[in-house]
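Commentary on secondary and tertiary structure
These are the residues of each chain, in order.
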Amino acid sequence: MIDTKASAAIPILDLKQQYVAIQDEINTAIQGVLESTQFVLGPAVNELERRVAAYCECQHGVGVASGTDALRLSLAALEIGPGDEVITTPFTFVATANTISHSGAKPVFVDIEPGTYNLDPAAVEDAITPRTKAIMPVHLYGQSAEMDTIMDVAERYGLKIIEDCAQAIGARYKGKRLGSIGHIGCLSFFPSKNLGAYGDAGMVVTNDEGLAEKIDVLRRQGGHKKYYHEVLGFNSRLDTLQAAILNVKLNYLEQWNEGRRTVAHRYNDLLSDMPVVTPYESPDSHHVYHQYTIRSPQRDELASHLKEHGVSTMIYYPIPLHHQQLYAEMSALHFPNAELAGREVLSLPIFPELTERDQEFIADTIRGFFDGR
Ligand SMILES: *Cc1c(COP(=O)(O)O)cnc(C)c1O
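Residues numbered from 1 in each chain as written. Predicted model: local features only at pLDDT ≥ 70, side-chain atom pairs only at ≥ 80, totals over all residues. Heavy atoms only, no water.

Some points on the site of the ligand
What surrounds the ligand is a group of 14 residues, the closest being Gly67, Thr68, Asp164, Ser188 and Lys193. Within the side chain of glutamine 167, an N or O atom sits 2.9 Å from an oxygen atom of the ligand. Measuring from an oxygen atom of the ligand, one finds a side-chain N or O atom of serine 188 at 2.6 Å. Burial of the ligand by the protein chains amounts to 94% of its free accessible area of 380 Å². Looking at the shell around the ligand, the elements that each hand over two or more residues are α4 (67–77) and α5 (95–103). Counted by class, the shell around the ligand contains five nonpolar, seven polar and two charged residues. (Near = heavy atom within 4 Å. Polar contact = N/O pair within 3.5 Å; in protein donor to acceptor, adjacent residues only side chain to side chain. Areas by Shrake-Rupley, 256 points an atom, 1.4 Å probe, with all protein chains shown as cover. Helix = DSSP H or I, 4+ residues; strand = E, 2+ residues; numbered from the N terminus. Nonpolar A, V, L, I, M, F, W, Y, C, P; charged D, E, K, R; others polar.)

In structure tokens form, the structure reads like this:
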């Protein structure tokens, strides 16, 4: 017999349980930084850079202030700016595209594949012009874009690839870690990401030593040496407290990502006979389920029904970027797969600690919606 009421509201994400489980280690790490007083680019940053780069199967890691800055500094290091075009998806978080706009280049959107919600490689090739400098694939919800085809297009046209791995740390494509396939991989450690700091933080990973060095210089006001500035830089360093926290949390990332996969596969079973589309997992991908996203033409009603029963959900993302006010000049464009996804997707609660009982309750609540209960 399944309860008709959840024992308590079920949040989309519960960061408290995770903190409580590793509280002593975290508090010790924070205390260590406070006592060292090396708050900016202290030793924990370098340690994290080495460890995250190794985890992502890359030679270099450069810690920056956020995932957004990882993208922004990558574009700057690749010298992408006014007059250039960068091809990306409209079905993503705004930072993917607004960093391109901030660089002075133009984001050129192309449609997504309906199964993975990621860039459609055929559409990418059709959008290439003489101004195209780079492609920015996003590995949405924790699953890889179709990288072989995208890399092939990039090689044929001499384009750079900036992977937006903000949602996909630890995921793989044909055995390779995301971030190690393109020229640069951008990670976010925003608190809700699979590896989350306790504030903003991000990192660039790459196998290109020259690019790593450029980003290292860009993040500290454009100079190798203090008060000597060679290029137009930024102030964008990953702070030591966040690095110390992340060094503790990185030890658990594999276990947490596996926990997310277990939760996702359990949802697949629980929802298998219901009229919703469960996530497609490509055989080429090791998906890390940053989000567990279903779709239904009755998405809004289903979300309200879940809310009435104490289950939080989110819509990532309701308005594709080409229809945002920010990009009003693109409002006449149509990307049917992205637009339909925006109307139909619904992300359910997912975090490694989500219990089987709560998942059963969520599934039963969804069943109740379709049964008119
Ligand atoms: C979170 C996110 C970002 C930005 O990361 P921040 O650390 O929040 O700046 C960029 N792209 C995608 C796809 C994201 O999910």
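Structural notes on the environment of threonine 132
Structurally, threonine 132 can be placed in strand β4 (residues 132–136). Taking the relative accessible area as the measure of exposure, threonine 132 reaches 6% and is therefore buried. Sequence separation between threonine 132 and glycine 158 is 26 residues, and the spatial gap between their C-alpha atoms is 9.4 Å. Of the polar contacts made by the side chain of threonine 132, one reaches the backbone nitrogen of threonine 129; its length is 2.8 Å. (Buried < 20%, exposed > 50% of the residue type's maximum accessible area, 1.4 Å probe, protein only.)

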